[in-house]
Amino acid sequence: MSSVASASPLAPATDARRRPSTLTVYRWELRKLISQKRTYLGLGLIVILPLFFVIFQSVRQNHGHGGESIFAAQITQSGLATPVLMLTFLVLFMLPLVAALVAGDVVANEDGNGTLKTILTRSVDRGQVFAAKTLAAWTYAATAVLLSAAVATVAGVASWGFHPVRSLSGTVVSAPEALLLIFAANAIYLIPLFAVASIGVLLSTATRNSAAAVVGTVGCVILLDIISGIPGMEGAQPYLLTQQFEAWQGLLRTPTDWAPIVHSAWLCALYAVPALFVGYLVFLRRDVAGG
Amino acid sequence: MRQSAAGPARRTTAEDERGCDWREALDNAQPVKARGLVKRYKEVLAVDHVDLNVRAGDVYGFLGPNGAGKTTTLRMALGLIMPSEGSVELFGRDPLRAGARALEGVAGFVEAPRFYPYLSASKNLQLLAALDGGDARARIDEVLDVVELGARAQHKVGGYSHGMRQRLGIAAALLRRPRLLILDEPATGLDPAGMRDMRELIRRLAGEGITVLLSSHQLPEVQDLCDRVAIVDRGRVVYEGALADLRRQGGAGYRLRTTDDERALGVAREQPGIDHVSLGENGLVLDGQERDIGQLSLALGRAGIGILALTPELATLEDLFFRLTEGSNAANGADGTTPRGSLEAGVV
């Protein structure tokens, strides 16, 4: 019989317990996400949209495709044009919305339900909980983007084949290389999306209200996009978060244009780091009185 | 081979040292020591300079009407909210400074225990065990059996009744093998059988050597379980000390039945140190110190009056509670000064 089994279940501990790592807390944040139905709402949208797009395009295959962009013009020539086109469609609103759904909810929901006090009276520090929640929000955002890319790629290739595509510079890229570039481009898009998620975590922590945090995050994205369109605000454009949503296109040029990607990386850090720092301070000092 | 043998040996030594330090800290330090705790919410003073002294082995009742500041005080003790002034230490550690380390050896819940409704009881405890570390995960089935939820372990908590959630809250606390258990109104909302079971469980826990800090406004529960109490009213502690002392201070009365109550009444009234003598249907009721009661029994014997029964009648906690809290309310209402209890000794 083990020592655990032989001891009285009520007897106090006689040894110090080993405290859990932040990785353990993060794993459990993911398990909580996986167990919630609403987690699949955003992912469902992300899956349905590429499928709907491919089915719709297949039905109207013989019609012209306008040639609005180089990838739109190639839509029926290579299935690999589909994920690029989908990314173009989803970057500004849909993917930030999906990222905000979880990031805006991740702290506020626990606060409202009273489970925040439950986990904060265990053997984990507030900093660990905040880090794990931020990582979980980022993981969800990354999952949404990569899932969208995977579904669009599979659906596009299934409909129109695994063929070379022309890059934004007009050069022909082989199908395997294009596939690699597509997923790399999606990974680059994660940089501004993580900044959006970080703002969501801040609002979730500060407002203690899931709806307010989600709406606030999406509203922030819309506001920045509106600012970028105001005449006379052109000078501010390079510093707006929403302008970084298209930095990934630098990868689809020949040769690769790294300048917008590098610019995006440091600019997004300027949005994300202060948001997370303030969120961390708020979380550290806040009164947990909910529930 | 030698190296692999040395590695674990070194780790074991380090863990042993840490374990010894931890045990020493828990053995020597006071489970709860609060000094001058204050919590203000803008204009509202929720907790007003509260001192608490919970000693090892106590079943300590934290008693007060709704809104008296009990839960706020417990939240500060667990590091969930920050005091506006003052400090609280659990086994010598301040939760605000030491973080989760201050909660080693401590478990419990404030207000109703909360869980993830979309997870089963077992999954909820697995999550909490992961956040506890140590052997907690291996004890999930045991603690569920202790609170008699083993058969419902795989059911989602969203479908649990209030009483089941309270019991799950106790199970979650027991996962940590606590030396100090902080329970905020654990019997609230339970049916009579549930309340009886909860009391029995707390009694068992105390019997295992766990110090219990029990917040309640249910006086019979506290009277039944607790050996020391703090009575809080309007954010202030109006009494802290042994429950038995409080009841003695509240007036140690005696009931006396004799072979001739009429004559005994006369003897008692003549006896120095015996006060408030009255004759009722079930004999005499009187007040006095033990020494004077002894003298009275001798005097009755000399007078040829036989004593059939002489039993102490302590004031109930309910009497004392209302005397303390209503007294303080009256004082507060009369002149706006700081509420104080009406009992003399032991009043904080």
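Treat the numbers as computed from the prediction; the structure is a model and nothing was measured.

1. Points about the overall build of chain A
For chain A, the count of helices and strands is 12 helices and 2 strands. Taking the principal axes of its C-alpha atoms as reference, chain A extends roughly 75 × 55 × 30 Å. Here chain A, with 291 residues, has 45% of them falling under the buried criterion.

2. What about the sheet that holds strand β9 (residues 236–242) of chain B?
Residue and element names in this part refer to chain B. The 6 strands lie next to each other as β5-β6-β7-β3-β8-β9, forming an open sheet whose pairing is mixed. The open sheet has two free edges, formed respectively by β5 (106–109) and β9, since each of these has just one partner strand. Pairs of neighbouring strands in the sheet enclose a mean axial angle of 15°, with direction left out of account. Where strand β8 (residues 228–233) and β9 come together, 6 bridges link them in antiparallel fashion. Counterpart to A230 in the pairing with β9 is E240. The strands touched by helix α7 (residues 192–207) within the sheet are β3 (59–63), β6 (180–184) and β7 (211–216), with β7 carrying the most contacts at an inclination of about 150°.

3. As for the domain arrangement of chain B
Taken domain by domain, chain B holds domain 1 (1–30), domain 2 (32–243) and domain 3 (252–313). Listed by partner, the interface residues are 5 residues for domain 1 of chain B and 10 residues for domain 2 of chain B.

4. Here's the deal with the sheet that holds strand β13 (residues 307–313) of chain B
All names here are of chain B. Strand order across the open sheet formed by 4 strands is β11-β12-β10-β13, with antiparallel pairing between neighbours. This sheet does not close on itself; its edge strands, each paired only once, are β11 (275–280) and β13. Taken over all neighbouring pairs, the strand axes of this sheet differ in orientation by 20° on average, direction set aside. Sheet strands in contact with helix α10 (residues 261–270) are β10 (253–258), β11 and β12 (283–287), and its direction is about 15° off that of β12.

5. Describing the confidence of the model for chain B
All names here are of chain B. Across chain B, the average pLDDT comes to 83, with 84% of residues at 70 or higher. Under a pLDDT of 50 for its full length, residues 1–12 has, in the predicted model, 0 contacts with residues more than four places off or in other chains. Every residue in residues 330–348 is under pLDDT 50, and counting partners more than four places away or in other chains gives 43 contacts. The ipTM for the predicted assembly is 0.84, set against a pTM of 0.82.

6. Examining helix α11 (residues 290–302) of chain B
Residue and element names in this part refer to chain B. Its 13 residues give α11 an end-to-end C-alpha distance of 19 Å, which sits within 8% of 18 Å, the value for a rise of 1.5 Å per residue. Considered for burial, the residues of α11 that qualify are I293, L296 and L300. For α11, the buried positions fall inside an angular range of 55° around the axis, keeping them on one side. In α11, the exposed residues that point more than 90 degrees away from the buried face are R291, L298, G301 and R302. The inward-facing, buried residues of α11 abut β10, α10 and β13. Immediately beyond the C-terminal end of α11, within one or two residues, lies G304, with a positive phi of roughly 75°.

7. A few points about the interface of chain B and chain A
In this complex, chain B contributes 44 residues to the contact, which on the side of chain A involves 37 residues. For the side of chain B that touches chain A, the secondary structure elements donating two or more residues are α1 (2–28), α4 (121–132), α5 (140–146) and α7 of chain B. Tallying contributions element by element places α4(B) first for the side of chain B that touches chain A, with 5 residues. Residues that form the side of chain B that touches chain A fall into these classes: 24 nonpolar, 6 polar and 14 charged.

8. Quick look at the nonpolar core
In terms of nonpolar packing, the biggest core is built from 160 residues, with A:A99, A:A141, B:A171, B:V212 and B:L214 touching the most fellow members. No other element matches the 16 residues that helix α10 (residues 175–207) of chain A contributes to this core. Leave out the neighbours within four places in its chain, and B:L214 touches B:V59, B:Y60, B:G61, B:F62, B:L183, B:I202, B:V222, B:L225 and B:C226. Counting 12 residues, the second largest nonpolar core, distinct from the first, contains B:I274, B:I293, B:L296 and B:I305.

Here is what the cut-offs are and how they apply
- Residues numbered from 1 in each chain as written.
- Chains lettered and ligands numbered in written order.
- Predicted model: local features only at pLDDT ≥ 70, side-chain atom pairs only at ≥ 80, totals over all residues.
- Helix = DSSP H or I, 4+ residues; strand = E, 2+ residues; numbered from the N terminus.
- Buried ≥ 20, exposed ≤ 12 C-beta atoms within 10 Å, placed from the backbone.
- Pairing = 2+ DSSP bridges.
- Axes fitted to C-alpha atoms, helices over the stretch in contact; angles between N-to-C directions.
- Contact = placed C-beta atoms within 7 Å.
- Domains from an automatic or database assignment.
- pLDDT = per-residue confidence, 0-100.
- Expected span 1.5 Å × (residues − 1).
- Arc of directions from axis to C-beta.
- Nonpolar A, V, L, I, M, F, W, Y, C, P; charged D, E, K, R; others polar.
- Core = buried A, V, L, I, M, F, W, Y, C linked by C-beta atoms within 7 Å.

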